[in-house]
Every structure is written in structure tokens, then in C-alpha cells.
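# Structural description and commentary
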Amino acid sequence: DHACFRVDLETTLKDDIGADTYDRLIGDLRVEYGIGRLNDAQKSPLVMQELIKRAAAENKPAATLEKIVRAILAINPKNLT
């Protein structure tokens, strides 16, 4: 079993949480972290983690990522505790 995205992670997140929310949050995070280029922000694990966290706080979960994590946990949840 494996997971892959039909498109890239950024597009998948944008679809899951909504383009307006994604664009607003990534813009806020670029300013907060002093990242000029959008591509640089999208490739930063810290920025993307914070984006997912903030979207979830706005009740806009990253559903695709959640499904992937649930599938991983279902394989062998003992290894992750």
C-alpha cells in the first residue's frame, strides 16, 4: 500500500481547506517568517505544518492528509505510540 497525490501536496491542501483560506494563511505565514517566494514557503515543513494547524483551528481540516495518517495508523498503530 502507498499514498500519492493526483497533483502536488499544495494543490491537495488548497482543495481540502479552500483556496481562499490557503492563500490567506500562506500569505500570513510568508510575512511572519520573512519568506519572499511562495514556492519557498510551500516547501518549508515548518510553514506547511503551521498552515495545516491554523486551517484546522478554523474548522478546515486537511482531510486528505488525515486519511493518509489514519491509514498508516491502521497498518500498525503500536509502532507510533
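Thresholds applied
- Residues numbered from 1 in each chain as written.
- Predicted model: local features only at pLDDT ≥ 70, side-chain atom pairs only at ≥ 80, totals over all residues.
- Heavy atoms only, no water.
- Helix = DSSP H or I, 4+ residues; strand = E, 2+ residues; numbered from the N terminus.
- Buried < 20%, exposed > 50% of the residue type's maximum accessible area, 1.4 Å probe, protein only.
- Areas by Shrake-Rupley, 256 points an atom, 1.4 Å probe, with all protein chains shown as cover.
- Axes fitted to C-alpha atoms, helices over the stretch in contact; angles between N-to-C directions.
- Parallel < 35°, antiparallel > 145°, perpendicular 65-115°, else oblique.
- Contact = heavy atoms within 4.5 Å.
- Nonpolar A, V, L, I, M, F, W, Y, C, P; charged D, E, K, R; others polar.
- pLDDT = per-residue confidence, 0-100.

The helix and strand tally for the protein chain stands at five helices and zero strands. Starting at the N terminus and ending at the C terminus, the protein chain contains elements arranged as α-α-α-α-α. Every one of the 81 residues in the protein chain was classed for burial, and the buried ones make up 23%. Summed over all atoms, the accessible surface of the protein chain reaches about 5,800 Å², with 54% contributed by carbon and sulfur.

So, on to the packing of helix α1 (residues 9-17) against helix α2 (residues 19-33). Relative to each other, α1 and α2 sit at 120°, their axes nearing to 6 Å. Taken together, α1 and α2 sit at an angle that is classed as oblique. On the side of α1, the interface is formed by E10, L13, K14 and I17, while α2 contributes A19, T21, Y22 and D23. Of the residues assigned to the contact of α1 with α2, the class counts are four nonpolar, one polar and three charged.

It is worth spelling out the confidence of the model for the protein chain at this point. Residues at a pLDDT of 70 or more form 89% of the protein chain, whose mean pLDDT is 89. For the protein chain, the element scoring lowest by mean pLDDT is helix α5 (residues 63-75), at 87; α2 scores highest, at 97.

What follows covers the side chain of E10. Tracing the chain through its elements places E10 in helix α1. Beyond its immediate stretch of four places on either side in the chain, E10 contacts Y22, Q42 and K43.

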